[in-house]
Amino acid sequence: MAAPLDRSSRPATPDRPAVEIRRSARRRKSVQAYRDGDRIVILMPAGLSRAEEQRWVDTMVDKVERRDRRTRLDDDELHTRADELSARYLGGAAVPTSVRWVDNQRRRWGSCTPEDGTIRLSSRLHGFPDWVVDYVLVHELAHLLVPHHGPEFWEHVDRYPRTERARGFLEGVVAGAGWKDMPEI
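This is a predicted model, so every value here is computed, not measured. (Residues numbered from 1 in each chain as written. Predicted model: local features only at pLDDT ≥ 70, side-chain atom pairs only at ≥ 80, totals over all residues. Heavy atoms only, no water.)

> When you look at the environment of valine 146 in this model, what are you seeing that I'm missing?
The residue valine 146 is located in the loop between helix H2 (130-145) and helix H3 (151-157) in this model. Accessibility expressed as a relative area gives 2% for valine 146, which makes it buried. Between the alpha carbons of valine 146 and alanine 94 there is a distance of 9.8 Å; along the sequence they are 52 residues apart. Aside from chain neighbours lying at most four places away, what touches valine 146 is Glu152, Phe153 and His156. (Helix = DSSP H or I, 4+ residues; strand = E, 2+ residues; numbered from the N terminus. Buried < 20%, exposed > 50% of the residue type's maximum accessible area, 1.4 Å probe, protein only. Contact = heavy atoms within 4.5 Å.)

> Would you mind going over the confidence of the model for the chain with me for this structure?
Detailed reading of predicted coordinates is not advised where the pLDDT is low. This prediction gives the chain a mean pLDDT of 88; 91% of its residues lie at or above 70. In the model of the chain, strand E1 (residues 5-10) stands out as the element of lowest mean pLDDT, 67, in contrast to H3, which has the highest, 97. (pLDDT = per-residue confidence, 0-100.)

> So what exactly am I meant to see when it comes to the side chain of arginine 120 here?
Looking at the secondary structure, you find arginine 120 in strand E7 (residues 118-122). For the buried residue arginine 120, which engages in no salt bridge, the nearest side chain bearing the opposite charge is aspartate 116, 5.3 Å off. Here the side chain of arginine 120 touches threonine 113 through a polar contact of 3.0 Å, side chain to side chain. Apart from residues no more than four positions distant in its own chain, arginine 120 is found in contact with Arg100, Val102, Gln105, Gly110, Ser111, Cys112 and Thr113. (Lys, Arg positive; Asp, Glu negative; His and termini not counted. Salt bridge = Lys/Arg side-chain N within 4 Å of Asp/Glu carboxyl O. Polar contact = N/O pair within 3.5 Å; in protein donor to acceptor, adjacent residues only side chain to side chain.)

> Quick question: what am I supposed to make of the pattern of salt bridges here?
A pair can form between side chains of opposite charge whenever their charged atoms are brought close. Tallying each qualifying case throughout the model produces seven salt bridges. Two residues, arginine 39 and aspartate 36, come together in a salt bridge whose shortest N-O distance is 2.6 Å. Put simply, aspartate 134 and arginine 81 hold a salt bridge, and the shortest N to O gap is 2.6 Å. Linking aspartate 134 in helix H2 with arginine 81 in helix H1 (residues 50-89), this pair joins segments that are 53 residues apart in sequence. Judged by its relative accessible area of 15%, aspartate 134 falls in the buried class.

Right, dumping it as C-alpha cells:
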C-alpha cells in the first residue's frame, strides 16, 4: 500500500512562482524540486516542522530558478551557435525557431521537428568536444532543409568538414558505453 501523500500549494507572487509542496511519509531525509510548467513542485518528508518546510521551500525555489536561468543562457548560446553553423555550412538556409538542451533523450543525440523548426540536443553531449556538438547541430539543421536521411540530406551534412570524424567519435562513445539501442547518427 502506498504511503499517504500530503499536498499543499502556495500561489505565485510577483517575486516567486507558484509552489506545490508534496509531503510523503516514505521520504525520510531528501528534499527534491522540479519545475512543472509555471510552478515548482517540492517533494519533502512529512515530518518536517513548518519552519524547516519554509527553509527548504526557499532553498529549493532558489535552486530551481538558478538552474532555469543557467539553462536559458545555455540554450541562447546553443541557438547562436546553430545560427553560425547554418550560415557557415548551409548558406544560412536552415533557420531554427528554437535550439535547446534536453535531458529526456536517451536514444538520440539530437532531434529536429521540421514542421515547427525546433531542434533539441541531448544533454549527454555536454562535455563532448565542440566539433562533435557542432556536427550534431549541423545534422539537425540539415533536417530543417531535408527531413529524411537521403542523399540530398547527406550532401548538406557533409559540408561540415569534421562529419566523418564526429560520427566516429559518437560511434566510439556508444560502443565504449555498451549502449545497444542508440541509433546511428
